[in-house]
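# Inside the fold
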Amino acid sequence: MLWLLKRGMRHVVCVLAVLIALLPCAVAAQTTAHSSGGPTPGADQRLERLVSSISEERLQSIVAKLASFGTRETLSDASSSTRGIGAARQWILDELKGSSPKLEVSFDTYQIAPQGRIPRTVELRNVIAVLAGKTSRRVYISGHYDSLNLGSGVSALFATATPEAPVTNPQGQATFDHESNAPGADDDASGTAVTMELARVFANSGIDFDATLVFACWAGEEQGLIGSSAHAQKLASEKAVVEAMLNNDIVGGIRGGNGVVDAADVRVYSIGPEDSMSRSLARYVRWSAEVYVPSQRVHLMAREDRIGRGSDHSSFTSAGYPAVVFRESRENLSRQHSADDTPDGVNAAYLARNARINAAAAASLALAPPAPKVTDDRGRPLIGRGPSGYDASLQWAASPGAVSYRVYWRDAWTSDWEHDQIVGKTTHFVLNNVLIDDDVFGVAAVGSDGHQSLISAYVASDRAVLPVKLAK
Ligand SMILES: [Zn+2]
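Definitions and cut-offs
Residues numbered from 1 in each chain as written. Predicted model: local features only at pLDDT ≥ 70, side-chain atom pairs only at ≥ 80, totals over all residues. Helix = DSSP H or I, 4+ residues; strand = E, 2+ residues; numbered from the N terminus. Rg over C-alpha atoms; globule rule 2.2 N^0.38 Å. Buried ≥ 20, exposed ≤ 12 C-beta atoms within 10 Å, placed from the backbone. Axes fitted to C-alpha atoms, helices over the stretch in contact; angles between N-to-C directions. Parallel < 35°, antiparallel > 145°, perpendicular 65-115°, else oblique. Left-handed = near helix turned anticlockwise from the far one by under 90°. Contact = placed C-beta atoms within 7 Å. Nonpolar A, V, L, I, M, F, W, Y, C, P; charged D, E, K, R; others polar. Domains from an automatic or database assignment. Core = buried A, V, L, I, M, F, W, Y, C linked by C-beta atoms within 7 Å. Pairing = 2+ DSSP bridges.

### Observations regarding the overall build of the protein chain
- Assigned secondary structure in the protein chain consists of eleven helices and 15 strands.
- Radius of gyration (C-alpha) of the protein chain: 25 Å, near the 23 Å computed for a compact globule of 472 residues.
- Across its three principal directions, the C-alpha atoms of the protein chain cover 80 × 75 × 50 Å.
- Counting only residues that meet the buried cut, the protein chain has 47% of its 472 residues in that class.

See the structure below:
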């Protein structure tokens, strides 16, 4: 009896499946849901090769070499050829130059006046490697190469400080020793190693990228994001187009200071609001990781960074560019900013997986067309209810190189895209009977080889409510 019932059920399911298959495409597409908020394309074999050519051994040797300069503190002696920030930045420059003749490598130099945690005028040099693409729009991968020693355990004290028991930053004191050992293996030789290794791998991949890739090793991060800020300010004043910035800061450790070990997750923080392009980039990172690095889970964090802590991605978001930061899952606060941040705290296999996630996202984006513009010249979203008043009518500007577009939508209270539909090479699409008031909508551009841009979302601007004038 039970068997007959089961058989009957199976028959009903079969008939339903046939009926669903016969439904028009548009309806079927509306039922497609992806937990990751993106499509699941077949992997590009060129990118699989690029990702797998990232070397664990090379990452490890870069971290060890950077730590061997003793300190890379911003105000340390810049004249020695073996110790201090001068020796370190020269080695990074030479290494990048030796990686590939395709890389245009240079110091990005600024004279910084005394301010905040910088007690005297100092010359600060970011080290930048550019891999020119077919277009000038840029995709950044970065880490900061400067390091810091605040004294043993001071960073952990900062983390547990309260308004009643504040901890003063010793960097501001005249007696602060800028020459003490600051190996900075995890913070942030790990992110610098990711940046340098990706420069080598991308330049030697033989792939012609559409976007220009920029591999940036920042200086002065520990004094308040000085190097990246100066660079981002320059980009904004030159009206440079930056499609994405992937920042890596403290990305090599797997053992937290509380003893908890996690080698399977990496955190990616991004500033809101929920449909900012930084959040779009964060979703893109998770989606490309699922395709190319399924062994590592991207744990998205809907906030700019850890509480009270920051890094160079904020220099880019402050200048209006989409940016995210990668952070290891479990941090050891007591090793950070001290002589104890040594290479034994960096796990090469974990670091390599994080480097591969960076590579997958950056390469996919650099091969895709730019994200479509979904606002008019006054910044208003190009979305309406159509003549019926009950449809979602979406418009966007054509993206150079796009062969089709993919429209996304989701319930307005969720954060991951729920539905998507390829709509062909058009700049206008109507979703019948989908209310624009109840869902969020976005659109991505798809290139000829299937690579897809970031999703641009239609974001309603806040309503300005004027103060009410009361009669006297
Ligand atoms: Zn750092």
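### Overview of the packing of helix α4 (residues 56–67) against helix α7 (residues 185–203)
- Running from N to C, α4 and α7 point in directions that differ by 130°, and their axes come no closer than 9 Å. On the basis of the axis angle, α4 is oblique to α7. In terms of crossing hand, the pair formed by α4 and α7 is right-handed. The residues of α7 that touch α4, namely those facing R58, L59, I62, V63, L66 and A67, are A185, A189, S190, T192, A193, M196 and E197.
- Residues of the contact of α4 with α7, tallied by class, amount to nine nonpolar, two polar and two charged.

### Focus: the domain arrangement of the protein chain
- For the protein chain, the assigned domains are domain 1 (45–367) and domain 2 (371–462).
- Distance between the C-alpha centres of domain 1 and domain 2: 33 Å.
- Listed by partner, the interface residues are ten residues for domain 1 and ten residues for domain 2.
- Secondary-structure elements contributing two or more residues to the side of domain 1 that touches domain 2 are α9 (277–292) and α11 (348–367).
- Here the side of domain 1 that touches domain 2 gets four residues from one element, more than from any other, and that element is α9.
- When the residues that make up the side of domain 1 that touches domain 2 are grouped by side-chain class, the tally is five nonpolar, two polar and three charged.

### Looking at the nonpolar core
- L213, V285, A359, A360, A362 and F441 are the most contacted members of the largest nonpolar core, which has 118 residues in total.
- If one sorts the elements of this core by residue count, α11 sits on top with 14 residues.
- Shared between two domains, this core holds at least three residues of each, these being domain 1 (45–367) and domain 2 (371–462).
- Sequence-distant contacts of F441, defined by excluding residues within four places in its chain, comprise I383, A392, L394, V407, Y408, W409, I436, A457 and Y458.

### What to know about the environment of R463
- Its location among the elements puts R463 in the segment after β15 (456–457).
- On the neighbour-count criterion, R463 (5 C-beta atoms within 10 Å) is exposed.
- Taking the C-alpha atoms as reference points, R463 and I62, 401 residues apart in sequence, are found 51 Å from one another.

### Observations concerning the sheet that holds strand β12 (residues 419–424)
- A sheet is described by the order of its strands in space; here four strands give the open sequence β12-β11-β14-β15, paired in antiparallel fashion. The open sheet has two edge strands with one neighbour each: β12 and β15.
- Note that strand β14 (residues 439–446) and β15 share two bridges and pair antiparallel. Among the inter-strand pairings, V443 is bridged to a residue of β15, identified as S456.

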